[in-house]
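Here are the chains, one letter per residue:
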Amino acid sequence: MGECPDARLMAGGTDLLVRLRHAGADTKPPLILLSKIPELADIIMANGDLCIGSGASFSAIMAHTLVQDHAPMLAKAVGTIGGPAIRNMGTLGGNIITASPAGDSLSPLYVADAQVVLVSPGGTRKIKISEFINGPGKSDIRKDEILTQIRIPLDDGFQSHCFEKVGLRRSLAIAVASFCGRLRFDEDGTVAEARFAWGSVAPTVARSINAENALTGNRLDTKSIKKSVAEATASLSPINDIRASAHYRRTVAGALLKRFLENPQREKKHV
Amino acid sequence: MDIKFTLNGNSQSLSTEPDRRVIDLLREDLGLTGIKEGCGTGECGACTVLMDGETRLSCLTLAAQIDGRDITTIEGLQDMEEGIILQKAFEEQGAVQCGYCIPGMEMAALPLLTLHPNAARNDIKIALSGNLCRCTGYVKIVDAVEQAGREIAVKKEGL
Ligand code: FES
Ligand code: FES
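Glancing now at the overall build of chain B. Along its length, chain B carries five helices and five strands. Listing every helix and strand of chain B by position from the N terminus yields β-β-α-β-β-β-α-α-α-α. Radius of gyration (C-alpha) of chain B: 15 Å, near the 15 Å computed for a compact globule of 159 residues. Seen through its principal axes, chain B has C-alpha atoms that stretch 45 × 40 × 20 Å.

Moving on, we come to the interface of chain A and chain B. Residue-level contacts link 23 residues of chain A with 21 residues of chain B. Considering only the surface of chain A that becomes buried against chain B, Arg21(A), Met89(A) and Leu172(A) emerge as the three largest contributors, covering 27% of it. Counting across the chain A and chain B interface gives two salt bridges. With a closest N to O distance of 3.6 Å, Asp19(B) and Lys28(A) form a salt bridge. In this structure, the connection of chain A to chain B is made through three residue pairs in polar contact (both at pLDDT 80 or more). Those elements giving two or more residues to the side of chain A that touches chain B turn out to be helix 1 (16-22), strand 2 (31-33) and helix 5 (84-89) of chain A. Broken down by element, the residue count for the side of chain A that touches chain B peaks at six residues, all from helix 5 of chain A.

With that settled, the discussion passes to the pattern of salt bridges. In a structure, side chains of opposite charge can pair up when their charged atoms sit close to one another. Residues and elements named next belong to chain A. The tally for this structure, following the rule as stated, stands at 25 salt bridges over all chains. Between glutamate 193 and arginine 195 there is a salt bridge, with its nearest N and O atoms 3.0 Å apart. When its relative accessible area of 23% is taken as the criterion, glutamate 193 is described as partly exposed. Residues joined in a network through salt bridges with shared partners are Asp113, Lys128, Arg184, Glu193, Arg195, Arg207 and Glu212.

This part takes up the domain arrangement of chain A. Residue and element names in this part refer to chain A. On domain assignment, one finds that chain A holds domain 1 (12-21 + 39-153) and domain 2 (160-262). Here the C-alpha centre of domain 2 lies 22 Å away from the C-alpha centre of domain 1. Contacts between the two partners involve 21 residues from domain 1, matched on the other side by 23 residues from domain 2. Summed over the three residues of domain 1 that lose the most area to domain 2, namely Met73, Pro101 and Val111, the buried surface amounts to 32% of that side. At the surface where domain 1 touches domain 2, the tally comes to three salt bridges. The salt bridge partner of lysine 165 is aspartate 104, with a shortest N-O separation of 2.7 Å. Linking domain 1 with domain 2 are seven residue pairs in polar contact (both at pLDDT 80 or more), by the criterion used here. Broken down by secondary-structure element, the contributors of at least two residues to the side of domain 1 that touches domain 2 are helix 4 (72-78), helix 7 (106-111) and strand 7 (133-135). Element by element, the count of residues in the side of domain 1 that touches domain 2 is highest for helix 7, at five residues. Here the side of domain 1 that touches domain 2 is built from residues that sort into 11 nonpolar, seven polar and three charged.

Residue and element names in this part refer to chain A. Reading across the sheet, the five strands line up as 3-4-9-5-6 and stay open at both edges, with antiparallel pairing between neighbours. Lying at the two open borders of the sheet, with one neighbouring strand each, are strand 3 (43-46) and strand 6 (123-128). Neighbour-to-neighbour, the strand axes of this sheet turn through a mean angle of 25°, independent of strand direction. Here strand 4 (residues 49-53) pairs with strand 9 (residues 146-153) via five bridges, running antiparallel. Counted as the bridge partner of glycine 53 is glutamine 149 from strand 9.

Rules and cut-offs
- Residues numbered from 1 in each chain as written.
- Chains lettered and ligands numbered in written order.
- Predicted model: local features only at pLDDT ≥ 70, side-chain atom pairs only at ≥ 80, totals over all residues.
- Heavy atoms only, no water.
- Helix = DSSP H or I, 4+ residues; strand = E, 2+ residues; numbered from the N terminus.
- Rg over C-alpha atoms; globule rule 2.2 N^0.38 Å.
- Contact = heavy atoms within 4.5 Å.
- Buried area = accessible area lost by both parts, 1.4 Å probe.
- Salt bridge = Lys/Arg side-chain N within 4 Å of Asp/Glu carboxyl O.
- Polar contact = N/O pair within 3.5 Å; in protein donor to acceptor, adjacent residues only side chain to side chain.
- Buried < 20%, exposed > 50% of the residue type's maximum accessible area, 1.4 Å probe, protein only.
- Domains from an automatic or database assignment.
- Nonpolar A, V, L, I, M, F, W, Y, C, P; charged D, E, K, R; others polar.
- Pairing = 2+ DSSP bridges.
- Axes fitted to C-alpha atoms, helices over the stretch in contact; angles between N-to-C directions.

Right under this line is the structure:
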């Protein structure tokens, strides 16, 4: 990259090649194929983190037992991306760098407080996903850096998990809204910790700390649920577009949270 | 750039632009016009091929990416037992109307049938979920894949 500053890094190409095509025949930057580095596709456990190589395909992630055991909502979320062929091609690193507010793999990563590992000739840095992505299509990646790995801390204490995506059809659909949540309960049944993230309802995937705090220390009852849902819908900033209106998106986002809170055991971790 | 790959069981070496789309390489340079281009942007599945046995969209794959890989196109089906059964099942079920989507449909179904010929109807639908058809309404296509699966399973058990 040092020798060829206009070069673009390409992972699966399922997004980049479409964008370059839309940009017209004159836009033909040199491409550097990350798929030629097989180590980038590794999925391993290291230092208590589940480490997913940026080049791991969605199909490989879905099928991997480490992911199914320790990040089941990520496995579920990547299974909703595109169709089977797209999932054989597209990668987790690509989905992060594309930084679409509708990136289906992202909300489970936000909820898990995942970190991205960036490597450059100058060294390696790690940064939280929520700090790394800072707008639609924008991230804090520097010119000479490669995203090599996604590290997901193992937090096996959460008893309830959920990922839901609402689209206009089941396959090849860009989400109208998606939701990922997890809850940890104390022995007396009060909520010890709640984490929620939504896709497609803000410029980036968004957590709502207020909605989470509305539950901590409380039992899940009509009152706490109502408060949490109200906080969530107030903190999201969806847009109107060809797929749905902002109002509809906000309503769906709240409904997905409500549905999870009303029946949090629906999706147990090990089914 | 010089690339080498296996195409429907035969080795191929050729010289091409590294960023030539594989669909253009196959259709225009090699004359394999069985696969079709519908959208060119990864949304219709008409251009599906197999790379190392997995489905892939050739409209979003570049020549440099297939270097050293094993590529199967719809033209390769006639040399595979599963492929022949699958094509016959599409004919018998009347699953083909204009035909434009069919090569992609058959390629999408092939890995499933090879690995799990007894796949449930719902698994067939998932395997085909990235392929659009504007004619048939899909039912007969799923019927055809189901029929092929049954026949392949019988053949395999018979061995
Ligand atoms: S032409 Fe490749 S997916 Fe439509
Ligand atoms: S048969 Fe015409 S598009 Fe499928």
